[in-house]
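# Working through the structure, step by step
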Amino acid sequence: MVDNQALYDRPNFFQAYLTLPRSQNGLEGAPEWPTLREMVGNITDQRVLDLGCGLGWFSRYASNSGAHSVDTSDISAKMLGRAKEMNETHQKINIRYELKDLATVKLTTEEYDLAYSSLVLHYLANDAFGRLLREVLNR
Ligand SMILES: C[S@@+](CC[C@H](N)C(=O)[O-])C[C@H]1O[C@@H](n2cnc3c(N)ncnc32)[C@H](O)[C@@H]1O
């Protein structure tokens, strides 16, 4: 398995990732977004979990859409750092960013209404993926 932490924190990779349409234009630059938006539906007042939030585009969308709270985690300090920078201009403070490996994460909030993850779960080995699903389903 690729060392994903090293991958997204590697300066050349990170800089190249920032040039992608999804990094520049956010969710509107992500081809999968129209389908995901429909699946997500109305999230007003929901407690949202964003697994592998990357630059935090969905987290900010959830917050702007009236989510009660948004808990995120990502293994890359660089991705989280940029997400937090973009948050500085964001109105609300209900997004909690945490540096965590989804292979070992222990969720602390008791309950979520929506668990979201986009383009992340394929990075996990089978046993880690199963463990994460159990961790989420136990909320
Ligand atoms: C392609 S980006 C997707 C980011 C975001 N979900 C989106 O749709 O824009 C993949 C993200 O998964 C994160 N990631 C990869 N493996 C991870 C792991 N084991 N634990 C937490 N995050 C991980 C990377 O750091 C990166 O931010």
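Below you will find a few notes about this structure. The structure displayed is predicted, hence computed values, not measured ones.

### Examining the nonpolar core
In terms of nonpolar packing, the biggest core is built from 18 residues, with Trp33, Val48, Phe58 and Ala62 touching the most fellow members. Among the elements of the structure, α4 (33-40), α5 (57-64), α6 (77-87), β3 (95-99) and β4 (114-116) are those that each provide at least two residues to this core. Of the residues forming this core, the biggest block, three residues, is contributed by α4. In this structure, Ala62 is in contact with Ile43, Val48, Ala67 and Val70, ignoring residues within four places of it in sequence.

### Here we look at the pattern of salt bridges
Applying the stated rule across the entire model yields nine salt bridges. The shortest N-O distance in the salt bridge between Arg37 and Glu28 comes to 3.9 Å. Glu28 gets classed as exposed once you look at its relative accessible area, which sits at 64%. In this structure, the salt-bridge partner of Arg47 is Glu111, at a minimum N-O distance of 3.5 Å. Separated by 64 residues along the polypeptide, Arg47 in strand β1 (residues 47-51) and Glu111 in the loop between β3 and β4 bring together distant segments of the chain. Several salt bridges share partner residues, and in doing so they unite Arg47, Glu111 and Asp113 into one network.

### Concerning the sheet that holds β3
Ordered in space as β3-β2-β1-β4, the four strands form an open sheet in which the pairing is parallel. The strands lining the two open edges of the sheet, one partner per strand, are β3 and β4. Averaged over all pairs of adjacent strands, the angle between strand axes in this sheet comes to 15°, irrespective of strand direction. Direction of pairing for β1 relative to β4: parallel, over a ladder of three bridges. Considered in β4, the bridge of Leu49 is made with Ala115. Across the sheet, α5 is in contact with β1, β2 (69-74), β3 and β4; its angle to β3 comes to roughly 160°.

### Notes on a nonpolar patch on the surface
Together, Phe129, Leu133 and Leu137 give the surface a local cluster of nonpolar side chains, amounting to about 290 Å² of exposed area. You can see Phe129 is positioned in helix α7 (residues 126-137). Exposure remark for Phe129: the relative accessible area of 31% places this residue in the partly exposed category.

### Points about the site of the ligand
The local shell around the ligand holds 18 residues, among which Gly52, Asp74, Asp101, Leu102 and Ser118 are the closest. Here Asp101 contributes a side-chain N or O atom positioned 2.8 Å from a nitrogen atom of the ligand. In this structure, a nitrogen atom belonging to the ligand sits 2.9 Å away from a main-chain N or O atom of Leu102. Split into classes, the residues belonging to the shell around the ligand amount to 10 nonpolar, five polar and three charged.

### Notes on α4
Every buried residue of α4 is listed here: Trp33, Leu36 and Val40. Projected down its long axis, α4 shows its buried positions confined to an angular sector of 65°, all on one face. Exposed residues lying more than 90 degrees from the buried face of α4 are Thr35, Glu38 and Met39. For α4, the secondary structure elements touched by its buried residues are α5 and β4.

Rules of the game
- Residues numbered from 1 in each chain as written.
- Predicted model: local features only at pLDDT ≥ 70, side-chain atom pairs only at ≥ 80, totals over all residues.
- Heavy atoms only, no water.
- Core = buried A, V, L, I, M, F, W, Y, C linked by side-chain atoms within 4.5 Å.
- Buried < 20%, exposed > 50% of the residue type's maximum accessible area, 1.4 Å probe, protein only.
- Helix = DSSP H or I, 4+ residues; strand = E, 2+ residues; numbered from the N terminus.
- Contact = heavy atoms within 4.5 Å.
- Salt bridge = Lys/Arg side-chain N within 4 Å of Asp/Glu carboxyl O.
- Pairing = 2+ DSSP bridges.
- Axes fitted to C-alpha atoms, helices over the stretch in contact; angles between N-to-C directions.
- Patch = residues over 30% accessible without salt bridge, like charges linked within 9 Å, V, L, I, M, F, W, Y side chains within 5 Å.
- Areas by Shrake-Rupley, 256 points an atom, 1.4 Å probe, with all protein chains shown as cover.
- Near = heavy atom within 4 Å.
- Polar contact = N/O pair within 3.5 Å; in protein donor to acceptor, adjacent residues only side chain to side chain.
- Nonpolar A, V, L, I, M, F, W, Y, C, P; charged D, E, K, R; others polar.
- Arc of directions from axis to C-beta.

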